[in-house]
Amino acid sequence: MALNTIWVVADRAGAKLAPTAFEMVTKARELASTVEVVTWGDAGSVAADAGRYGAAAVHTVGDLGAGLAGPVAAAAMAAQIAAGNAPDAVFVAQSYDGRDIAGRLSARIDRPVLTNVVGVEARDGALVTEHAIFGGAEILNARFTAQGPGIYVIRAKSFAPEESGGGPAAVDTWDVPDLGATGAASVIATHVQETEGPKLDEAAIVVSGGRGLGNADSYKLVEDLAKLLKGAAGASRAIVDAGWVPYSYQVGQTGKTVKPTVYIAVGISGATQHMVGMKSSKNIIAINKDQEAPIFSIADLGVVGDAHKVLPKLIEALRQRV
Amino acid sequence: MRFMNVVVCVKQIPDPAAPARLDPSTWTLEREGKLILDESDSYGVEMGLQLADQAGGGEVTLVSMAPRNETSGLRTALAMGAARAILVSDPVLGGSDALGTAKVLAAAIRRAEPDLVVAATESTDGYTGTLPVQLAELLGFPSVTFVKKVTVGDGKVHVERQTEAGFDEVETPLPAVITVTAGVVEPRYPSFKGIMAAKGKPVDQLTVADLGLPEGSVGAAGARQEVVSVEPAESRKAGEIIVDEGDAHTRIVAYLEQLKVI
């Protein structure tokens, strides 16, 4: 094994660990002899899941209460590292909380971060990372050059989760030092926005809309099609920036990575920013007026046409089937 | 209401519409040409201006790190209404990573004694998305990221933070760091008057020595990471391209049937 210990910082999805945790644990056990999960909230209820994917331990930093995960998890890890219990590497998901944790930990222990990691391998006893740059046209490999635990922020879906058949992980609670002002932000209310159908990054079919839709109202065509196909609706950065849909819909480099069975890009030209988030989809259908649009260079089925003409007919045809 | 001092972090980047290139000797992004205001930051500037207004009085100070004393992106933000800018520019800063940049910006921001620091969730060219939180930790401030709505009052910020499931309402005392997502406000276009006024607004230009940062802690020496190699990725081939003659939807249905997803 290249390394002794890797910590995998696991986001929570309700009471369970987020899917990214199992992706990272699976990869980590290829690279290190011991994989330990760091999370918050109840650890006992996730010990079996973590163990089944190969983690030896689950360390919880306790109930967050109204606190945010970033400062709490980072301070607890930094205290363990200062006490001599340092891992060789820390894997963190490129998520809302993950980036907070990585940023806080990096500044606390004065260690740099490698972000947007889509692959990791061991070379000569150290880790080399893979990053998709320029819309995924090129792959950049990087590594840390100094001693101490490296912090790796890893994009979702970079590794396929595989069970190892391990027994339940050992569970313990890590102390959280006084956070001072850095812990002063508090969550006063949580709002769950019920969306029908599957989540964007888990859906088998994703229909995304872009600027070519012309206006915010036309986005409804994308939502209708996604719903009919029991898929999720996504968006290009251009229409998120324009305020047509919230940030959580964004597919791309700044946004979510999706790898559905079918990706349907509607009125999306295919800026590198967007392509890097969807080019690993198994099948890609693109609908765009401009036949020179870069999206056609990666589409399995490209339709040069007006989304306002094609989509209503497609929606109607699918409605007739159900 | 009291006077509100908002610092907005802005990045000046190569035009994203122009093809980007890595310098083959250093593997860093080529930043030779003219730099412009990162569009992601225009939301932060607009938000800062609105919050200063909301507070009943206040100012926006821009803080930026850029090569060659570049100010064209800063002038855009000054034309929108920011009062002044602090620009850190120093040849030793080439090759800085996010943590090194955070150290530089933290030192510059301390001089501005902010009530609130606003940044984008991530830059368009580097998109690491960790700098604002590193900055908060270095400053000893609380932080709330992925903010889509902000109100300020009574020495506190009340925000809506994007989450996987919806959003959280989060409250934090000042001073604090927040990162705003794109699309949350509509950035104003600089007026002619604003553009003229921007030319006379103060831009405080600083070097690493001015900030009193230890040598080797920032720039390429402080980055402690390196590019090993850059290779072309496996490319995906284009498939069939058809022109819609009014029946393209039948081809899409047939394709979806063939994939057995309908």
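Sequence order sets the numbering: in each chain, residues are counted from 1 along the sequence as written. To read the labels, note that chains go from A and ligands from 1, taken in the order they are written. Predicted model: local features are reported for residues with pLDDT of at least 70 only, side-chain atom pairs are reported and counted for 80 or more only, and whole-chain, interface and lining totals are derived from all residues. For the side-chain quantities, the full set of heavy atoms in the structure was used; hydrogens and water were omitted.

A. Quick peek at the sheet that holds strand 14 (residues 205-209) of chain A. The 6 strands lie next to each other as 15(A)-14(A)-16(A)-17(A)-18(A)-13(B), forming an open sheet whose pairing is parallel. Whereas interior strands pair on both sides, the edge strands pair on one side only; in this sheet they are strand 15 (232-235) of chain A together with strand 13 (240-243) of chain B. Recorded for the sheet is a direction-independent mean angle of 15 degrees between the axes of neighbouring strands. Any two strands are treated as partners once DSSP identifies two or more bridges connecting them. Only DSSP runs of H or I reaching four residues or more are called helices, and only runs of E reaching two or more are called strands; each is numbered from the N terminus. Sheet topology places strand 17 (residues 283-288) of chain A next to strand 18 (residues 301-304) of chain A; 4 bridges connect them, and they run parallel. Fitted lines through C-alpha atoms give the axes, limited to the stretch in contact for helices. The angle between two N-to-C directions lies from 0 to 180 degrees.

B. View of helix 8 (residues 248-258) of chain B. Burial classes follow relative accessibility: with a 1.4 Å probe on protein chains only, a residue under 20% of its type's maximum area counts as buried, one over 50% as exposed, and anything between as partly exposed. Looking at helix 8 of chain B, one finds that the buried residues are Ala-248, His-249, Ile-252, Val-253, Tyr-255 and Leu-256 of chain B. The buried residues of helix 8 of chain B all sit within an arc of 160 degrees when viewed along its axis, so they share a single face. On the buried face of helix 8 of chain B, the contacting elements are strand 16 (262-266), strand 17, strand 18 and helix 8 (307-321) of chain A together with strand 13 of chain B. Backbone geometry just downstream of helix 8 of chain B places Lys-260 of chain B in the positive-phi region, at approximately 60 degrees. The arc in question is the one spanned by the directions pointing from the helix axis to the C-beta atoms. The contact definition used throughout considers only heavy atoms, calling two residues in contact when any of these lie within 4.5 Å.

C. Main features of the interface of chain A and chain B. Listed as interface residues are 86 residues of chain A and, on the opposing side, 82 residues of chain B. Of the roughly 7300 Å² buried between chain A and chain B, counting both surfaces, carbon and sulfur atoms make up 56%. Ranking the residues of chain A by area buried against chain B places Tyr-96, Arg-99 and Arg-104 of chain A at the top, with a combined share of 9%. For salt bridges, the criterion is a side-chain nitrogen of Lys or Arg within 4 Å of an Asp or Glu carboxyl oxygen. Inspection of the region where chain A meets chain B yields 10 salt bridges. For Glu-122 of chain B, the salt bridge is made with Arg-99 of chain A, and the minimal N-O distance between the two is 2.7 Å. Looking at the side of chain A that touches chain B element by element, the count peaks at 9 residues for helix 4 (residues 96-109) of chain A. Of the residues assigned to the side of chain A that touches chain B, the class counts are 42 nonpolar, 24 polar and 20 charged. Here strand 10 (residues 138-144) of chain A pairs with strand 12 (residues 225-232) of chain B via 7 bridges, running antiparallel. Its bridge partner being in strand 12 of chain B, Arg-143 of chain A is matched across the sheet by Glu-226 of chain B. When two parts are put together, the accessible area they lose, computed with a 1.4 Å probe and summed over both, is reported as buried area. Charged means Asp, Glu, Lys or Arg here, nonpolar means Ala, Val, Leu, Ile, Met, Phe, Trp, Tyr, Cys or Pro, and polar covers whatever is left, Gly included.

D. Here's a closer look at the sheet that holds strand 4 (residues 32-39) of chain A. All names here are of chain A. With parallel pairing, 7 strands are arranged side by side in an open sheet as 7-11-6-1-4-5-12. In this open sheet, the two strands that pair with only one neighbour each are strand 7 (113-117) and strand 12 (170-173). If you compare each strand with its neighbour and ignore which way they point, the axes differ by 25 degrees on average. Summarising the sheet, strand 6 (residues 89-93) and strand 11 (residues 150-154) pair through 5 bridges and their orientation is parallel. Residue pairing across strands places Val-90 opposite Ile-151, the latter belonging to strand 11. Running over the sheet, helix 3 (residues 69-82) touches strand 1 (3-9), strand 4 and strand 6 and is turned about 160 degrees from strand 1.

E. Structural view of the pattern of salt bridges. For the structure shown, the criterion picks out 22 salt bridges over all chains. One salt bridge connects Arg-52 of chain A with Glu-163 of chain A, and the closest N-O pair in it is separated by 3.3 Å. In this pair, Arg-52 of chain A is assigned in helix 2 (residues 47-52) and Glu-163 of chain A in the loop between strand 11 and strand 12, connecting sequence segments 111 residues apart. A relative accessible area of 29% places Arg-52 of chain A in the partly exposed class. Classification of Glu-163 of chain A as partly exposed rests on a relative accessible area of 48%. The partner of Arg-104 of chain A in a salt bridge is Glu-137 of chain B, with the nearest N and O atoms 2.8 Å apart.

F. Structural detail: the domain arrangement of chain A. All names here are of chain A. Domain delimitation follows an automatic or database domain assignment. Here the domain parsing of chain A yields domain 1 (3-183) and domain 2 (205-321). Relative placement of domain 1 and domain 2: their C-alpha centres are 32 Å apart. Of the residues lining the interface, 12 residues belong to domain 1; the matching set on domain 2 comes to 12 residues. Contact between domain 1 and domain 2 buries roughly 800 Å² in total, counting both sides, with carbon and sulfur atoms accounting for 40%. The interface formed by domain 1 and domain 2 holds 0 salt bridges in total. Two N or O atoms form a polar contact when they lie within 3.5 Å of each other; inside protein one atom must be a possible hydrogen donor and the other a possible acceptor, and for residues adjacent in sequence the pair counts only when both atoms belong to side chains. Our count for the domain 1 to domain 2 interface comes out at 6 residue pairs in polar contact (both at pLDDT 80 or more). Counted by class, the side of domain 1 that touches domain 2 contains 5 nonpolar, 4 polar and 3 charged residues.

G. Looking closely at the packing of aromatic side chains. Residues and elements named next belong to chain A. A pair of aromatic rings is counted whenever rings of Phe, Tyr or Trp (Trp by its six-membered ring) have centres within 6.5 Å, and the orientation is called stacked for planes under 30 degrees apart, edge-to-face for over 60 and tilted otherwise. For the structure on display, the rule yields 7 aromatic pairs over all chains. Each ring, one from Phe-144 and one from Tyr-152, has its centre 5.1 Å from the other, and the planes form 70 degrees; the classification is edge-to-face. We classify Phe-144 as buried; its relative accessible area is 12%. Judged by relative accessible area, Tyr-152 falls into the buried class, the value being 5%.

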